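Remarks on the overall topology
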Amino acid sequence: MSPISPLLVVTRLLSTTIPGVGVAVEFARPLVFAAVPLAAIALWVLVRRGSGDDAARSSDRSASRRARLALYATRLLVVTCLVVAAAGPTTVTTATTAGDPTVTMLVDDSASMRLHEPVADDLETGIEAEGVAVERVTVASDNRSRVGDGLTANLRPNASLLVVSDGQVTRGASLAGATDLARSVNATINRVRLTTDRSDSRVVVTGPRKASVGVENRFGVRVAGVEGVPTGRPISVAIDGEEVVSREVPDDGAFTVERNFSETGPHRVTARLGGEDAYASDDTYRKTVQVVEQPRVLYVSRGDYAFEGYLRELYDVTRAESVPDDLRDYYAVVVHDVAAPDLGNVSALQSHVIDGGGLLAVGGDNAYEKGEYGDSRLSSLLPVEVGGSTGRTSRVALAVDVSGSASEGMKIQKALALDVLSQLGDRNEVGVVAFDGSPYRVADLSSLDSDRESLQRKIRSLRSGGTTDIASGLLGASKLLGDEGGTVILLSDGRDDANPSFAAAERLANRNVRVVSVGVGTVNERVLGGIAERTGGSFLLANETNRLRVEFGGANRRYSGDHAVVVDDGHFVTRGVNPTASLPGVNEVSVKPGGDLLVATGEGAPALSTWRFGLGRVGAVTAYGPDGGLGGLRTEPDSLLLSRTVNWAIGDPQRKATGVVAAPDTRVGESTTVVYAGEGPPNPSESAALSFSEVAPGRYEATSTPTDLGYESALGSAYAVNYPAEYAALGVSSELKRAVERTDGRAFDANNPSAIADAIERQATREREVRRSWDWVVLLAGLLVLVGEICARRLRRRRGNGVIP
């Protein structure tokens, strides 16, 4: 036991609650008590030394001894009083404050609320009739829903707010941000359950903003409603005024339309939902697509591969056996199975990418590790590096959220932790930290090769705890990793304050620790995604953890099946694609930090990766078919991966064009920016409705805020004007429900104002700690003892009844 342990025991005994009274005694500086034994020894030495001569001359030694003991006791008592006062004695009691039962009622009068029965007036009257004052504030109207701003503006410490809204925010602060602020001032957000008395559905069209002549494009049409998908209602799709689809809304509300454009210029895609509902404006959706000439692509290869023919179907392709000196005419360069010594002018290729050009490096028997890429200048451009990740040892800390917010899904939480553990290869060193309000170490770092079963048992034994403090969990996991750093795999729902979590993430980034956030249950993606982003990690949902196999799987990183597997389905390249191709050939590479692994082989090796380099975009295809070519990747649905990767690398197909190069679609009341490229501004007579200003050499911009639905022309181009965002999301927002839950509020029926009044009165009654300092009392006691002792000595001197030292 350390020397200070007895002092800690004494401190705990002193800092306790007095039974039957409810008063806790605490000391602000308990370590000061260490001075008491030292002072006792020093006083004893001084008293004996000062009394020695008198004691020798005294005829009554017992009287001298009693005097010395009395002096010692009184002086020790004085010193003890000084020490206790310095320790900061404080009593803590709990006081209940009734408060003033007042509620701020935030009323949403925006257009989306017209689908629900109006309840604000009756509620206000009913709550006030129950004796609770109501302060009514309108936070949204017409097509402007600034509910988050309204919440933020009306927050007060310990306030109770009642929100009469669907929570659909179209402008201003988010509800999540307002909720964080409400929690910081101990405010409570309540809501009123709304009753829908009108039905409404809306239609949306998605697809490319720009396309190339002769290339097939796919447009998605989706219908949704307040009461679910309006199955069976008629819907039609027209392109450039010609009806191409007429059908009923399917069960899932979604279908696709394919179109191959043969002419350049703007084309108009219009979807119309038949039937009647609350709002007619959101029954029609308009979309423009700007069709341009096929972008010029340079294909560099020394082999005869079918991939070249596939590219020629989509782009204006020029073939070369090596990279030439001048790449100014090309939007992208495809390097297919070419060894580094045969590449040609790599400096020109680097400049091309840095300045905004695209690059796709396709592997094979002459590329990557087989083509001496590792030591070449090309390597710096690529999102992968030569050398597979199999066999590498990683240091991983599993941080498992066992707080009260996760307790309902604790079985799922532990199952997910075990699933993640099963995907980490035997060579990895893994430890486990659990956290609620504070972290605690479950298992130190050890090799999975020998301790996998032990870690599994410890994870199964986890139990749920109290509050959530993600920041402490992150810091605890970082401490487990030590100075060498590593990776924290955070398993949590993210239901905690963002600011301290983000601050902790930044500290981890400075310690060479990155975080892979895995969301469990009802997930706060803003918090978990922000943590991962700040550390250079990634955010995964619970059903996406198979991506961990590629980085941490080692020898057991295999997926199920032999075909390619999408690892990241949120990227433009992979969204909605389910590969079927078998890829037996693969180059031995690993994805660089900052690179995005999109597709893996059935064995878990990287197959398709991307990243940005300078202003350009670079893709790397590192798996291939049995013949050394791309095999099944050239047939649908896998061929979409290739065409989309090239399109992604190309970026803006009008990057080198003149005239209007951008005119984004917009909504009524929202601005759009029309971009014009040329040696000078457009002719004012041709752009009378737009006022262009130069923002960069050869680049001019004009802002337009349309007020009517339809299509607008802009110097030979066009943009669509759709219904306001107010109608784009109808029904009660899940963010509002989450805000109520996070601030310990309640959802009330609109016809029960008495329940609301009772809850407001309870929320107004709060307990608070009352702390009183008693150092002045202890000092006064010490002073009285000292004065009393001095007076007693003087009286004894006068009477001659004692030996005065």
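Predicted, not measured: the structure shown is a model, and the values here were computed from it.

1. Considerations on the packing of aromatic side chains
Applying the stated criterion to the full structure yields 10 aromatic pairs. Between W44 and Y72, the ring centres sit 5.1 Å apart and the planes meet at 80 degrees, which makes this aromatic pair edge-to-face. Of this pair, W44 sits in helix α2 (residues 35-57) while Y72 sits in helix α3 (residues 61-87); the two residues are 28 residues apart in sequence, bridging distant segments of the chain. Arranged with centres 6.4 Å apart and planes meeting at 80 degrees, the rings of F219 and F261 form a pair that is edge-to-face. In this pair, F219 sits in strand β11 (residues 216-225) while F261 sits in the loop between β14 (254-260) and β15 (265-273), placing the two residues 42 residues apart along the sequence. On the basis of relative accessible area, F219 is assigned to the buried category, the value being 1%. Site record: aromatic cluster; members linked through ring pairs are Y299, F307 and Y310. We note R247 situated over the ring of F255; from NZ or CZ to the ring centre the distance is 4.8 Å.

2. Re helix α17 (residues 734-742)
Residues of α17 that are buried: L736, R738, A739, V740 and R742. For α17, the N-terminal capping position is held by S733, with its side-chain oxygen 3.0 Å away from the main-chain nitrogen of E735. Positive backbone phi, approximately 60 degrees, marks D744, located one or two places after α17.

3. Here we look at the side chain of N587
Relative to the assigned elements, N587 resides in the loop between β29 (585-586) and β30 (589-591). Assessed through its relative accessible area of 1%, N587 is described here as buried. The contact partners of N587, leaving out residues within four places of it in the chain, are G363, G364, A367, Y368, E369, K370, T622 and Y624.

4. Looking at the pattern of salt bridges
Pairs can form between side chains of opposite charge whenever their charged atoms are close. Per the stated rule, a full pass over the model turns up 28 salt bridges. Residues R328 and D326 are paired through a salt bridge, measuring 3.0 Å at the closest nitrogen-oxygen approach. Note that E741 and R495 form a salt bridge whose closest N and O atoms lie 1.9 Å from each other. Here E741 is found in helix α17, whereas its partner R495 is found in the loop between β25 (486-492) and α13 (498-510), with 246 residues between them in sequence.

5. Examining the nonpolar core
In terms of nonpolar packing, the biggest core is built from 33 residues, with F307, L311, Y315 and V334 touching the most fellow members. Elements that contribute at least two residues to this core include exactly β17 (296-301), α7 (306-312), β19 (332-336), β20 (358-362), β31 (596-600), β32 (606-613) and α16 (639-650). Excluding its chain neighbours within four sequence positions, the residues that come into contact with F307 are Y299, V334, H336, L360, V362, L630, R634 and L642.

6. Observations regarding a nonpolar patch on the surface
A contiguous nonpolar surface patch, about 560 Å² in accessible area, is contributed by W776, V777, L780, L783, L784 and V787. Here L780 lies in helix α19 (residues 775-799). Classification of L780 as partly exposed rests on a relative accessible area of 41%.

7. Some details on the sheet that holds strand β36 (residues 666-667)
What the three strands build is an open sheet, ordered β36-β41-β40; its pairing is mixed. Strands at the two margins of the open sheet, each flanked by one partner only, are β36 and β40 (710-714). Relative to strand β41 (residues 717-722), β36 runs parallel, the two being bridged by two bridges. Its bridge partner being in β41, R667 is matched across the sheet by N722.

8. Looking at the sheet that holds β32
Across the sheet, which stays open at both edges, the eight strands sit in the order β18-β17-β19-β20-β33-β32-β31-β28 with mixed pairing between neighbours. Each edge of the open sheet carries a strand with a single partner, namely β18 (316-320) and β28 (565-566). Where α16 meets the sheet, its contacts fall on β17, β19, β20, β31, β32 and β33 (616-621), and the angle it forms with β33 comes to roughly 155 degrees.

9. What to know about the pairing of strand β4 (residues 102-110)
Of all nine residues in β4, seven are buried; the element is thus mostly enclosed. Note: β4 against strand β5 (residues 133-142), nine bridges, orientation parallel. Residue pairing across strands places D108 opposite A140, the latter belonging to β5. In this region the chain leaves β4, passes through helix α4 (residues 120-129) and returns to the parallel neighbour β5; the handedness of that crossover is right-handed. As judged from the five bridges shared by β4 and strand β7 (residues 160-164), these two strands associate in the parallel manner. Looking at β7, one finds that L106 is bridged to V163.

10. Focus: the packing of α13 against helix α14 (residues 525-534)
The geometry of α13 relative to α14 is characterised by a closest axis approach of 8 Å and an angle of 20 degrees between their N-to-C directions. Here α14 runs roughly parallel to α13, going by the angle between their axes. α13 and α14 meet at a crossing whose hand is right-handed. For the pair α13 and α14, the contacting residues are A498, S501, F502, A505, E506 and A509 in the first and R526, V527, G530, I531 and R534 in the second. Of the residues assigned to the contact of α13 with α14, the class counts are six nonpolar, two polar and three charged.

Conventions we followed
- Residues numbered from 1 in each chain as written.
- Predicted model: local features only at pLDDT ≥ 70, side-chain atom pairs only at ≥ 80, totals over all residues.
- Heavy atoms only, no water.
- Phe/Tyr/Trp six-rings, centres within 6.5 Å; stacked < 30°, edge-to-face > 60°.
- Helix = DSSP H or I, 4+ residues; strand = E, 2+ residues; numbered from the N terminus.
- Buried < 20%, exposed > 50% of the residue type's maximum accessible area, 1.4 Å probe, protein only.
- Lys NZ or Arg CZ within 6 Å of the ring centre and 35° of its normal.
- Polar contact = N/O pair within 3.5 Å; in protein donor to acceptor, adjacent residues only side chain to side chain.
- Contact = heavy atoms within 4.5 Å.
- Salt bridge = Lys/Arg side-chain N within 4 Å of Asp/Glu carboxyl O.
- Core = buried A, V, L, I, M, F, W, Y, C linked by side-chain atoms within 4.5 Å.
- Patch = residues over 30% accessible without salt bridge, like charges linked within 9 Å, V, L, I, M, F, W, Y side chains within 5 Å.
- Areas by Shrake-Rupley, 256 points an atom, 1.4 Å probe, with all protein chains shown as cover.
- Pairing = 2+ DSSP bridges.
- Axes fitted to C-alpha atoms, helices over the stretch in contact; angles between N-to-C directions.
- Right-handed = clockwise from strand over helix to strand, strands pointing away.
- Parallel < 35°, antiparallel > 145°, perpendicular 65-115°, else oblique.
- Left-handed = near helix turned anticlockwise from the far one by under 90°.
- Nonpolar A, V, L, I, M, F, W, Y, C, P; charged D, E, K, R; others polar.

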